[in-house]
Structures are given as C-alpha cells and as structure tokens.
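Structural overview
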Amino acid sequence: MPSSPVSTPTANSSSPRATHTAPTPANSPTATPPAAEQLGHDQAAVRLAGVYALTRLADDWTEQRQVCIDVLCAYLRMPYEPDPTAPGHKEGEREVRQTIIRVIRGHLQEPDAATAWCRHDFNFTGAVFDGGNFSTSHLRGTTSFFGATFSDGTLTFSRATFSGGAVTFDRATFSRGRVTFERSTLTGGTVTFDDPTFSGTVFEWGPLPVPAGA
C-alpha cells in the first residue's frame, strides 16, 4: 500500500504547524477497490455506478488503464442468465452488461485520442453475449472471445477496423441471434474462428473468410 501523501504528526512532534491528511486523488490506487466493490453490489444501480467510476479511473490513470479494463471484462465473464424467467436471472443485469459494452465501444472510436483503449487487450473468454454493439471500433490489441456464447440479440462489428491485433472467436458458440461484420476492415490483423459451434445464428461476414460449418 502506498503511504499517505501527508503524515499526521504524533503527540511528541515538534512541528509548530498542524498537518492535515490530503484527500485521495481520483487517480490514486486506493480509488480502485471502492469502484470494483460496487460491481458486486446487489442493486443494479450501484453496479452501474461502479462501471462509470472504473471508466473515469481508466481515463485518468494511464498507468493502470489495462487493470481497469480487465475488471470490466471480468464482469462480463461472470455467470449470466439472460432469460428473465429462468433461475439465476438478476434484475437489471442486462443493462449493466450492455453499459460495459457501450463504454468499451466508446473508447474504441478514436485511436489517437488520449483516452483511447484501441491498443489495449480485452478478455471475453467464456462470456455470454445477448447482443452488443462494437460497430466502427478500432481493435489493435488482443481480443479474445474464446469459448464465448452468443445467443439472441445482434452482435455487430459493422465498419469495425481490425489492424495489427488478434481477435479470436475460437471454440465460441453461436446460437440464434445475428452477427455482422458488414463493411468491416481487416488490415494486418487476424480474426480467427477455430472449432466454433454454429446453430441458427444469421451471419453477415463482410470481408472475413467464411469458416467451415457456418
């Protein structure tokens, strides 16, 4: 743990001036636990607040931006039941998850922006997606959808640019819903679909080669 910016004097201190503890800056490592803890709250509104708090922290704290992104991705990898009539469904959970996707997409639009996440890595291994908008995103790092499940809804990478990075959908399951890569661009990067499972999903492959079995 980092030491406090200002030390509180002891009773035997000879300093003639009172010393006050400085407030914790927004980009301090001590700001991370409260934001992360909010993501585990029972109420969806509090979890949403945690999403926005981590986003602000990632924007302000360049050195640990990847850590904040990892926490958001880890949330999407948590067990998720999209069917509101099924056991285990959490009220408001879809809005929290879609907000995380919107936040990520919003940071993938301008690669040269100071707060861009385009060159960072995203680990969605085993996550469940019931839709999501990654359109016009610029993906230049490593993005893993390994073993992810895509059910219902529309997942769009329309007009996205894959350049220099690696995106994998290996062993992913596509059941129902729609996935589109319409008008996307692949320049120097890779997008792989090794051993996926296709079952009822409608695809628009755009420039990507159609995998066997699709």
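Everything quoted here is computed from the prediction, not taken from an experiment.

Moving on, we get to the sheet that holds strand β4 (residues 138-139). Spatially, 3 strands are ordered β4-β8-β12 in an open sheet, and the strand pairing comes out parallel. For this open sheet the edge positions go to β4 and β12 (185-187), each flanked by a neighbour on one side alone. One ladder, built from 3 bridges, connects strand β8 (residues 161-163) with β12; its direction is parallel. Residue pairing for β12: Ser-163 is matched across the bridge by Thr-187.

Once that is clear, we can look at the packing of helix α2 (residues 44-60) against helix α4 (residues 93-106). Packed helix pairs are specified by the crossing angle of their axes together with the interaxial distance, meaning the distance between the axes. Axis separation between α2 and α4 bottoms out at 9 Å; the angle between their running directions is 10 degrees. Relative to α4, the element α2 is oriented roughly parallel. Between α2 and α4, the residues in contact are Ala-44, Arg-47, Leu-48, Val-51, Tyr-52 and Thr-55 and Glu-93, Glu-95, Val-96, Thr-99, Ile-100 and Val-103, respectively.

When pLDDT is averaged along the chain, the result is 86, and 85% of the positions lie at 70 or above. For the stretch residues 1-27, pLDDT sits under 50, and the model shows 18 contacts to residues farther than four places along the chain or on other chains.

Before going further, it helps to spend a moment on the environment of Ser-175. For Ser-175, the location among the structural elements is in strand β10 (residues 173-175). Non-local contacts of Ser-175, meaning those with residues more than four positions away in its chain, are made with Phe-150, Ser-151, Asp-152, Ser-199 and Thr-201.

What counts as what
- Residues numbered from 1 in each chain as written.
- Predicted model: local features only at pLDDT ≥ 70, side-chain atom pairs only at ≥ 80, totals over all residues.
- Heavy atoms only, no water.
- Pairing = 2+ DSSP bridges.
- Helix = DSSP H or I, 4+ residues; strand = E, 2+ residues; numbered from the N terminus.
- Axes fitted to C-alpha atoms, helices over the stretch in contact; angles between N-to-C directions.
- Parallel < 35°, antiparallel > 145°, perpendicular 65-115°, else oblique.
- Contact = heavy atoms within 4.5 Å.
- pLDDT = per-residue confidence, 0-100.

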